[in-house]
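# Coordinate analysis (summary)
So you can see what is in the structure, the chains are spelled out below.
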Amino acid sequence: RKLIQHSLNILFTFSDLPVKILTWFSIICFSLSAFYSSYIFIRKLIWDDFAKGFPTFAIMIGLGLGMLFLGLSIIGQYVIRINSKTTQRPMFYESETIL
């Protein structure tokens, strides 16, 4: 149990992989919701076959969640950069030096 907890602590403390995954997930989520929102909007204008209030609800929820994830990923990127600046760890390590 302690080893798993320690491994997760190392993953989330010293790695920017979770924030990069969140960033790509938010970009994909926002893009898909933008395409779906435009599809709903065009279909509403042409055929008007949706239930009353569904297009507005779907567009607001889709774009709202996409923008929320995007904002969280931007804040996460800032936190990672602040953490890397304040810990003063080197950006890379030399494994061997060639003279």
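Our subject in this report is the structure included herewith. (Residues numbered from 1 in each chain as written. Predicted model: local features only at pLDDT ≥ 70, side-chain atom pairs only at ≥ 80, totals over all residues. Heavy atoms only, no water.)

### As for the overall build of the protein chain
Across its full length, the protein chain carries three helices and zero strands. Along the protein chain, helices (α) and strands (β) appear in the sequence α-α-α when read from the amino end. For 99 residues, the compact-globule estimate of 2.2 N^0.38 gives 13 Å, and the protein chain exceeds it by more than 25% at 21 Å. If you line up the protein chain on its principal axes, its C-alpha atoms span 70 × 40 × 20 Å. Counting all 99 residues of the protein chain, 13% fall into the buried class. Sequence-distant contacts, at least 24 apart, represent 69% of the contacts inside the protein chain between residues at least 6 apart. Taken as a whole, the protein chain presents about 8,600 Å² of accessible surface, with 72% of it coming from carbon and sulfur. Each charge class in the protein chain was averaged separately, 9 positive and 5 negative side chains, and the resulting centres sit 11 Å apart. (Helix = DSSP H or I, 4+ residues; strand = E, 2+ residues; numbered from the N terminus. Rg over C-alpha atoms; globule rule 2.2 N^0.38 Å. Buried < 20%, exposed > 50% of the residue type's maximum accessible area, 1.4 Å probe, protein only. Contact = heavy atoms within 4.5 Å. Areas by Shrake-Rupley, 256 points an atom, 1.4 Å probe, with all protein chains shown as cover. Lys, Arg positive; Asp, Glu negative; His and termini not counted. Charge placed at Lys NZ, Arg CZ, Asp CG, Glu CD.)

### Some remarks on the pattern of salt bridges
Where charged atoms of side chains with opposite charge meet at close range, the side chains can pair. The tally for this structure, following the rule as stated, stands at three salt bridges. Arg43 is paired through a salt bridge with Asp49; the nearest N and O atoms lie 2.7 Å apart. Under the relative-accessibility criterion, Arg43 is labelled partly exposed at 23%. Among the ionic pairs, Lys44 bridges to Asp48, the shortest N-O distance being 2.5 Å. Take Asp48: its relative accessible area is 47%, and that puts it in the partly exposed class. (Salt bridge = Lys/Arg side-chain N within 4 Å of Asp/Glu carboxyl O.)

### What about the side chain of Ser37?
As for its position among the elements, Ser37 is in helix H2 (residues 17–46). Apart from the residues within four sequence positions on either side, Ser37 is in contact with Ile59 and Leu63.

### Some points on the environment of Met60
As for its position among the elements, Met60 is in helix H3 (residues 54–87). Accessibility expressed as a relative area gives 55% for Met60, which makes it exposed. The spatial distance from the C-alpha of Met60 to the C-alpha of Ser33 is 9.6 Å, given a sequence separation of 27 residues.

Coordinates in, geometry out; function isn't part of it.
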